[in-house]
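Observations on the model geometry
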Amino acid sequence: MNSWNSTLSLNTTFVHPPFFFINGLNNMPHAKYYYVFLCFVFVVSVLGNSFVMFIIYTERSFHTPKYMAVFNLAAADLGESTALIPNLIAMFLFDSQYISFDACLANMFFVFFFTCLQSVTLSILAFDRLVAICLPLRYHAIITVPAMAVILTVVWAYDSVLLILMVTLITRLSFCKSIVVKSYFCDHAPVFFLACNDNLVNGVIGIANIALLLYIPFILTVMSYVFIAGALLKIASWEGRLKAIKTCSAHLILVALYYLPILGTYIAAIAFTIPPNARIMSTSLAKAITPMLNPIIYVLNTEEVKEVSKRKFHRGKLQK
């Protein structure tokens, strides 16, 4: 209570609680086994994405625009897993579900920042494939290392500005009702819904960010593949088509892995009333599994990454 009173005395306009309580899976039997599973997912995700980043960094042949974007995707996967899963495990395995107000805002920013960075990076990789297949003779003139560096810098700035704005607007809210966040992390909507003053602006910026950082990249990715499909139909031989499709296979699987669970959850939420535990399970699995599977899929479905991985593995064995 002393902490609460000091907050009131320091800030008479906006009432900020000293902490929030992250509700998580409510009264679900054997929930701890699920969190142990997420711990395993986290370890695999860290190892897999670190390996992909190491391969790209150390192999000079991968110092290309395409692999700059792949490196960025692996960094986003690693960042999301690190921002989300350790906190989740600490909260629910060790019964420490209280999180300070400032830590909550930091958690909100980093989870959304890296999640949205994945979405935008997938659209960059789709653009890379579009130019490679539709304009193969001009590919090296359009997709250059400096151009990709500028694109990635703009993407990081774009993502940062939108999400800093979203999180900063939370500080303009007063929380004088419940402090129980009905989610598994400091999710934006469950937090701003707790406010007892006008939260309309927060709702608008939340919807705007979903559109700008999720739906628009998804639409751009789909449009890229529509043009790619048109270009493939102009290729006379089936061998040529299959070769072109193979260069896109890994990226298409990554896009499906990222967007299908998210879109499925949103559509289900509109069409049905999803129980809170089911919503938390589906969204947390989508956010945790995708960063774990991305590096595995990229290594297995990209021939050049597979070959370099084998070469480094054999070289390591010989050195032993």
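Computed from a prediction, not measured in an experiment: that's the story for all the values here.

Rules used in this analysis
- Residues numbered from 1 in each chain as written.
- Predicted model: local features only at pLDDT ≥ 70, side-chain atom pairs only at ≥ 80, totals over all residues.
- Heavy atoms only, no water.
- Patch = residues over 30% accessible without salt bridge, like charges linked within 9 Å, V, L, I, M, F, W, Y side chains within 5 Å.
- Areas by Shrake-Rupley, 256 points an atom, 1.4 Å probe, with all protein chains shown as cover.
- Salt bridge = Lys/Arg side-chain N within 4 Å of Asp/Glu carboxyl O.
- Helix = DSSP H or I, 4+ residues; strand = E, 2+ residues; numbered from the N terminus.
- Phe/Tyr/Trp six-rings, centres within 6.5 Å; stacked < 30°, edge-to-face > 60°.
- Lys NZ or Arg CZ within 6 Å of the ring centre and 35° of its normal.
- Disulfide = S-S within 2.5 Å.
- Buried < 20%, exposed > 50% of the residue type's maximum accessible area, 1.4 Å probe, protein only.
- Expected span 1.5 Å × (residues − 1).
- Axes fitted to C-alpha atoms, helices over the stretch in contact; angles between N-to-C directions.
- Left-handed = near helix turned anticlockwise from the far one by under 90°.
- Contact = heavy atoms within 4.5 Å.
- Nonpolar A, V, L, I, M, F, W, Y, C, P; charged D, E, K, R; others polar.
- Core = buried A, V, L, I, M, F, W, Y, C linked by side-chain atoms within 4.5 Å.

Further remarks concern a nonpolar patch on the surface. Judged by side-chain polarity, Tyr 215, Ile 216, Ile 219, Leu 220, Met 223, Phe 227 and Tyr 266 come together as a nonpolar surface patch covering roughly 650 Å² of accessible area. If you tally residues by element for the nonpolar patch, the top one is helix α8 (residues 200-233), at six residues. Within the fold, Tyr 215 resides in helix α8.

Per the stated rule, a full pass over the model turns up 17 aromatic pairs. Ring centres 4.7 Å apart and planes at 50° place the aromatic pair Phe 218 and Tyr 259 in the tilted group. Taken as a pair, Phe 218 in helix α8 and Tyr 259 in helix α9 (residues 238-271) lie far apart in primary sequence, 41 residues in all. Through a chain of ring-to-ring contacts, three or more aromatic side chains come together here, namely Phe 109, Phe 110, Phe 113, Phe 114 and Trp 156. In this arrangement the basic side chain of Lys 287 is found over the ring face of Phe 112, its NZ or CZ atom lying 5.8 Å from the centre.

Below, the discussion takes up the state of the cysteines. Evaluation of the coordinates by the stated rule reveals two disulfides. Linked covalently through their sulfurs, Cys 104 and Cys 186 form a disulfide whose S-S length is 2.1 Å. Across the disulfide from Cys 104 to Cys 186, rotation about the S-S bond amounts to roughly -125°, and the bridge is consequently left-handed. Linking Cys 104 in helix α4 (residues 101-134) with Cys 186 in the loop between β3 (180-181) and α7 (188-192), this pair joins segments that are 82 residues apart in sequence. Here Cys 104 and Cys 186 have matching classes, each one buried. With its disulfide-bonded cysteines labelled consecutively along the sequence, the protein is connected as 1-3, 2-4. The structure places no disulfide on Cys 134, whose sulfur is separated from the nearest cysteine sulfur, that of Cys 248, by 9.1 Å.

Between the first and last C-alpha of helix α3 (residues 65-93) there are 41 Å, a value that for 29 residues agrees with the 42 Å anticipated at 1.5 Å per step. Just past α3, the residue Asp 95 takes up positive phi, approximately 50°.

With that settled, consider the packing of α4 against helix α6 (residues 145-170). For the pair α4 and α6, interaxial distance at closest approach is 9 Å and the crossing angle is 145°. For α4 against α6, the interelement crossing comes out right-handed. Across the interface between the two elements, Phe 101, Leu 105, Met 108, Phe 109, Phe 112, Phe 113, Phe 114, Cys 116, Leu 117, Val 120 and Ile 124 of α4 pack against Met 148, Ile 151, Leu 152, Val 155, Trp 156, Asp 159, Ser 160, Leu 163, Ile 164, Met 166, Val 167 and Ile 170 of α6. For the contact of α4 with α6, a count of residues per class yields 21 nonpolar, one polar and one charged.

The subject of this paragraph is the nonpolar core. In this structure, Phe 20, Met 108, Ile 170 and Phe 175 are the most contacted members of the largest nonpolar core, which totals 83 residues. When residues of this core are assigned to their parent elements, the largest contribution, 16 residues, is made by α4. What Phe 20 contacts, discounting residues up to four positions off in sequence, is Gln 97, Tyr 98, Ile 99, Phe 101, Cys 104, Phe 175, Ile 179, Val 181, Val 191 and Leu 194. Ile 133, Leu 232, Ala 244 and Cys 248 belong to the second-largest nonpolar core, a separate cluster that totals nine residues.

Purely geometric numbers; function is a separate question.
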